Amino acid sequence: MPNIWLKKIKDEIRINQLAIPGTHDAAAWTKYCGIPSSTPGTWAQRMDITEQLNLGVRVLDLRVGYATSLMGSSFIGMFHGPIYLDVTLQEVLTAVVNWIDQNQSEFVLLIFQQQGKPFQRDVSDGVRNMLLNTFPPQRRYDFNSDAKMWPTVGELRGRIMVLGRLRSH
């Protein structure tokens, strides 16, 4: 059963007035076998995205970069430094949208940072397109960096908000 703690917070509270639990390198969880557990510094979490959200985490630090399939095509994957984690960004976003659909009293903040191989091309446009395609407008809160105030809990309920540290954000 998910920990839906935001349900107890008044709608008019601004999110900068809350201590919101988050996870560092949220997609670097130990359940994937594709990476040897002996790789130093690879694992940051013991639970996948849905399990983290169910425990009350509402901020996900997501490290993204371009990965290459065995067939040679590139896609946006999850990284911990230069190490691809055998998880795609689409898998993570699908888990978040499914969770939000089932927990409308809550919200999720996504923070993106590009990682992967040094000097690879910018993933900003690809990430933005995936967000727009995965989260319909009613599931997104488009944060305006020129806004004078942070959004309220009520404005964010049932939505995601992106705080990016990507190159073109």
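Above this note sits the structure.
Residues numbered from 1 in each chain as written. Predicted model: local features only at pLDDT ≥ 70, side-chain atom pairs only at ≥ 80, totals over all residues. Heavy atoms only, no water.

Asks: I'd like a description of the nonpolar core, backed by residues and values.
Replies: Ranked by size, the top nonpolar core spans 33 residues in total, and within it Ile-49, Leu-60, Val-96, Leu-110 and Phe-112 carry the most contacts. Listed by contribution, the elements that provide at least two residues to this core are α1 (49-54), β2 (59-68), β3 (74-80), β4 (83-88), α2 (89-102), β5 (108-114) and α3 (124-134). Examining the composition of this core, we find that eight residues originate from one element, α2, more than from any other. If we ignore the near neighbours within four places in the chain, the residues touching Leu-60 are Thr-23, Ala-26, Ile-49, Gln-52, Leu-53, Val-96, Val-108, Leu-109, Leu-110 and Ile-111. If you look at the next biggest cluster of nonpolar residues, it comprises 10 residues, including Leu-6, Ile-15, Val-59 and Leu-156. (Core = buried A, V, L, I, M, F, W, Y, C linked by side-chain atoms within 4.5 Å. Buried < 20%, exposed > 50% of the residue type's maximum accessible area, 1.4 Å probe, protein only. Helix = DSSP H or I, 4+ residues; strand = E, 2+ residues; numbered from the N terminus. Contact = heavy atoms within 4.5 Å.)

Asks: Give me the lowdown on the side chain of Glu-106, citing residues and values where you can.
Replies: Tracing the chain through its elements places Glu-106 in the loop between α2 and β5. Of the polar contacts made by the side chain of Glu-106, one reaches the backbone nitrogen of Leu-6; its length is 3.1 Å. In this structure, Glu-106 is in contact with Asn-3, Ile-4, Trp-5, Leu-6, Lys-7, Arg-58, Trp-99, Ile-100, Leu-156, Arg-157, Gly-158 and Arg-159, ignoring residues within four places of it in sequence. (Polar contact = N/O pair within 3.5 Å; in protein donor to acceptor, adjacent residues only side chain to side chain.)

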